[in-house]
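Summary of structural features
Chain by chain, the residues run as shown.
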Amino acid sequence: MNGDLQKMTDEWMQLERKTLEQRKIAEEFYEHNLMNLIRDDYILRNRKKVTEKVDYLVISVGTSYEPIVLNISLFKPSKILFLYTQKTEGILDKIVQFCDLSISSFDKSLVSETDPISIYQKIKDAYLFWGRPKKMYIDFTGGTKAMSAAAAMAGAVIDVQLIYAGSDDYLSDFRKPKPGSETLYFIENPLSVFGDLEIEKAFQLFGQFNFAGAGQRLKVLQETLPDPDIRQQMEFAYLLAKAYESWDALDLVPACDFMTRLDRSLERDQRKRTFLLMDQRSQIARQKEILEEMKKIPELIREKKNFQILQTDSIIHSLMFTLYQNALTREKQEKYDMATLLFYRLLEMIEQKRLARYHLFVSAMNYEDIQYTVPYHPGYAEAEPQQRIQLLKNDMQEIKEQLFGKPGNGYLPDQVSLLEGFIILFAFRDPIVYRNEKEGLNALKRIRAMVHLRNNSIFAHGLGPVMSEDFMKFRSFVEKLFIEFCKIEQIPFYKTMQSYCWIDPMKTTNYASNVENAVCQSSI
């Protein structure tokens, strides 16, 4: 403390304060004889802490003008927003006078001293109006506890620097800090301490398959965590969440784009082997390849090349495994009606894909262009085209009579239903439904029963939900048939399925050893 400040401090402390008039004289002495000295001393002792020009400063105004004057004088912001209450509006006059502020250099907003929401809103409005500035500070020294806490929390959310003027030598008898003890404090964003907890909350949403929620949380963390390495890893997790959100919604183009961005980002930073998801690079690369195939689907549909999708193994197989994975996800969420719908669609795709082997498209059946497989039906292969159609009609009629227990017909529809498609496959002796006549008919009867179960779903023709017991029967049937389909198509089911499993960041090798430790280190 310099000599003048010490001298004036001693004189001020010796003043009588027994009466209201004496206290008023002491206050005026402080204002006229001490305040400028305190300000000069404060700037001298704290100016080395100021490392950048502050463009915007938000201040919560309390009943003491002194700390606000100190920080305005120290930082000299270009623009100020004062948050004041009806009780503290008069303090603004002293602040403006001491700091010699022009009218254009500040704004003021009336807030409730007990309602944090009004403070959040005012700070948010200013932040957006000022164009989301990087060099914006919030001084929460003044105001009620609720005002200071709300201002600090708002600052943490938008990730701006928090400051306050404090003292470790408060003179309670004089109701002021000891002159010359005032000090500038910088408050770190709370996320630097609690970031690991926020990361955990975001990653828990992966386990709940709430990829949209995970993406929203990770976006905030990516922009607000102080450690650049942690922010980089949050970007990886964010891209994964966005890819899965789109993939789960069968929005395949953005799913592929996000997964490609993630793969490239991991490749760019591959030297940082302990980073989050670096241990999942092979799985991410496989999933990117899967999505690259399915990304072709929307364009093929626009070009009216739907049948080409069924004829391209890399596309249709990827789509089928995606539906299977989505159905399992809905099951884990206990959304049995939606899971039933997805399993039913998988059952349809099994039928459609096998019919495509014979050059038959369920939406536009051309029976004259069937490509028969000789070992399964030599009689068809040796017959003329029209004879083949008649043979197929006869077989269809006979199968329907055995299946429904009443005289059937051999009508060949231009568009076939699920059951009709499997009946045609039975007539072709296709292995997906036919081993021998008895087993094949039993398989058709089970398919018919499964169609009936699906039709009772509220997502089809029913009025009530699918019960878990009925769902498990349906799932078991479709799953076994899908495994058999993969066997016929020479797809290693269990190995292939691994590529479609969602990555849970919390279960990866690098999560515990890297993210948690790095966050802890950054908060020390």
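This text goes with the structure placed above it.
Read on for a plain summary of the structure. As the structure is a computational prediction, the values presented were derived from the model and not from experiment. (Residues numbered from 1 in each chain as written. Predicted model: local features only at pLDDT ≥ 70, side-chain atom pairs only at ≥ 80, totals over all residues. Heavy atoms only, no water.)

1. Looking at the pairing of strand β1 (residues 56-60)
- The element β1 is largely enclosed, with a buried count of four among its five residues.
- Where β1 and strand β2 (residues 79-84) come together, five bridges link them in parallel fashion. Residue Ser-60 lies in a different strand from β2, and its bridge partner there is Leu-83.
- With respect to chirality, the unit in which β1 leads through helix α3 (residues 66-75) into the neighbouring parallel β2 is right-handed. (Buried < 20%, exposed > 50% of the residue type's maximum accessible area, 1.4 Å probe, protein only. Helix = DSSP H or I, 4+ residues; strand = E, 2+ residues; numbered from the N terminus. Pairing = 2+ DSSP bridges. Right-handed = clockwise from strand over helix to strand, strands pointing away.)

2. As for the pattern of salt bridges
- Summed over the entire model, instances satisfying the criterion amount to 27 salt bridges.
- Residues Asp-430 and Arg-354 are paired through a salt bridge, measuring 2.9 Å at the closest nitrogen-oxygen approach. Residue Asp-430 is found in the loop between α18 (418-427) and α19 (437-455), and its partner Arg-354 is found in helix α15 (residues 336-356); the two are separated by 76 residues along the sequence.
- Given the relative accessible area of 0%, Asp-430 is considered buried.
- Judged by its relative accessible area of 7%, Arg-354 falls in the buried class.
- With a closest N to O distance of 2.4 Å, Arg-357 and Glu-489 form a salt bridge. Within this pair, whereas Arg-357 is found in the loop between α15 and α16 (378-382), its partner Glu-489 is found in the loop between α20 (468-488) and α21 (493-498), the two being separated by 132 residues in sequence.
- Using a relative accessible area of 10% as the deciding quantity, one classes Glu-489 as buried.
- One continuous salt-bridge network, built from bridges that share partners, spans Asp-313, Lys-353, Arg-354, Arg-357, Asp-430 and Glu-489. (Salt bridge = Lys/Arg side-chain N within 4 Å of Asp/Glu carboxyl O.)

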